[in-house]
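# Summary of structural features
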Amino acid sequence: MGDEHDKLLPVANVGRIMKRVLPPTAKISKEAKETIQECASEFISFVTGEASDKCQKENRKTVNGDDICWALGSLGFDDYSQAIVRYLHKHREFERDRASAAAHFKP
Amino acid sequence: MRQAGTYSRILSGGGISGRTGPHLLPLARIKKIMKKSSVDVKMISGEAPLVFSKACELFIVELTKRSWNMTIQGKRRTIHKEDIASAVATTDVFDFLVDLVHPNASQHVDLNEDYAP
């Protein structure tokens, strides 16, 4: 296994996301799937770098979610923001429900 | 009994993979990739990998759709690396991927020098 796989998102997850937007008869070559994997990692590095630069300029040590959102906008990916905001809200609701379920559960 | 069922369903997330919760992509892996992007990235807050889990999904979706358009134009049904390269070449926001999909084997080109914002 080693270092290489640590730098990439799992090919199974990437493949699943791809299949959801393709017609059922579409096929993806192994090389194409690996290329998309690499592009996704490059995307993360690229956006993180931009966010990290901003944090450095502002003398902050921690890169947070808002920094990533800002970097996405700065690099031309602002059409992703609405979906991300909705996703964050759903996640916070999920965490809240989970916390309250744990609080109410009586063994 | 009813309560226990609700509890375990919330825990499993109801998403595609129980282990990663309701997210499609593993947050720990995303965090690793973020850290490797630069020595300057020291601390990452909890929500940053979460934002990326959605952003990466959207990115993969867009790149896949555009690549598939190239596949169809070539009257094929299998996406190949060349289709991804074509999609990258025709999409401005994907400029940062040009070197990745068209690696120049004969000489190393430093894109940072040529890039004009």
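If you're wondering where the values come from, they're calculated on a predicted model, not measured in any experiment.

Before going further, it helps to spend a moment on the overall build of chain A. Summing up its helical and strand segments, chain A has five helices and two strands in all. For 107 residues, the compact-globule estimate of 2.2 N^0.38 gives 13 Å, and chain A exceeds it by more than 25% at 18 Å. Its C-alpha atoms give chain A principal-axis dimensions of about 50 × 45 × 35 Å. The proportion of buried residues among the 107 residues of chain A is 40%. Sequence separation of 24 or more characterises 41% of the internal contacts of chain A that already satisfy a separation of 6 or more. Surface exposure of chain A reaches about 6,400 Å², of which carbon and sulfur atoms provide 51%.

The next thing to look at is the overall build of chain B. Of regular secondary structure, chain B possesses six helices and two strands. Ordered by position from the N terminus, the helices and strands of chain B form the series α-α-β-α-β-α-α-α. Across the 117 residues in chain B, those meeting the buried criterion constitute 38%. Counting only contacts in chain B whose residues sit at least 6 apart along the sequence, the fraction spanning at least 24 positions is 25%. In the structure as shown, chain B presents an accessible area of about 6,900 Å², 52% of it carried by carbon and sulfur atoms.

So, about helix α5 (residues 81-104) of chain A. When the terminal C-alpha atoms of α5(A) are compared, their 35 Å separation across 24 residues agrees well with the 34 Å that a helix rising 1.5 Å per residue should span. What α5(A) keeps buried is the set Ala83(A), Ile84(A), Tyr87(A), Leu88(A), His91(A), Phe94(A) and Ala101(A).

In the predicted model, chain A carries a mean pLDDT of 91, and 93% of its residues have values of at least 70. Per-element averaging of pLDDT across chain A places helix α1 (residues 3-6) of chain A at the bottom with 65 and strand β1 (residues 27-28) of chain A at the top with 97.

Let's shift gears to the packing of aromatic side chains. Summed over all chains, the structure comprises nine aromatic pairs over all chains. Each ring, one from Phe43(A) and one from Phe52(B), has its centre 6.3 Å from the other, and the planes form 80°; the classification is edge-to-face. Linking Phe43(A) in helix α3 (residues 30-57) with Phe52(B) in helix α3 (residues 47-73), this pair reaches from one chain into another. Overall, the relative accessible area of 0% leaves Phe43(A) in the buried class. Arranged with centres 6.4 Å apart and planes meeting at 35°, the rings of Phe43(A) and Phe96(B) form a pair that is tilted. One end of the pair, Phe43(A), is in helix α3; the other, Phe96(B), is in the loop between α4 (81-89) and α5 (98-101), on a second chain. Take Phe43(A) and Phe96(B): they sit in the same class, and that class is buried. Put simply, the rings of Phe43(A), Phe46(A), Phe77(A), Tyr80(A), Phe52(B), Phe59(B), Phe94(B) and Phe96(B) touch in pairs and so form one group of aromatic residues. In this structure, Lys54(A) is placed above the aromatic ring of Trp70(A), and the distance from its NZ or CZ to the ring centre is 5.2 Å.

What counts as what
- Residues numbered from 1 in each chain as written.
- Chains lettered and ligands numbered in written order.
- Predicted model: local features only at pLDDT ≥ 70, side-chain atom pairs only at ≥ 80, totals over all residues.
- Heavy atoms only, no water.
- Helix = DSSP H or I, 4+ residues; strand = E, 2+ residues; numbered from the N terminus.
- Rg over C-alpha atoms; globule rule 2.2 N^0.38 Å.
- Buried < 20%, exposed > 50% of the residue type's maximum accessible area, 1.4 Å probe, protein only.
- Contact = heavy atoms within 4.5 Å.
- Areas by Shrake-Rupley, 256 points an atom, 1.4 Å probe, with all protein chains shown as cover.
- Expected span 1.5 Å × (residues − 1).
- pLDDT = per-residue confidence, 0-100.
- Phe/Tyr/Trp six-rings, centres within 6.5 Å; stacked < 30°, edge-to-face > 60°.
- Lys NZ or Arg CZ within 6 Å of the ring centre and 35° of its normal.

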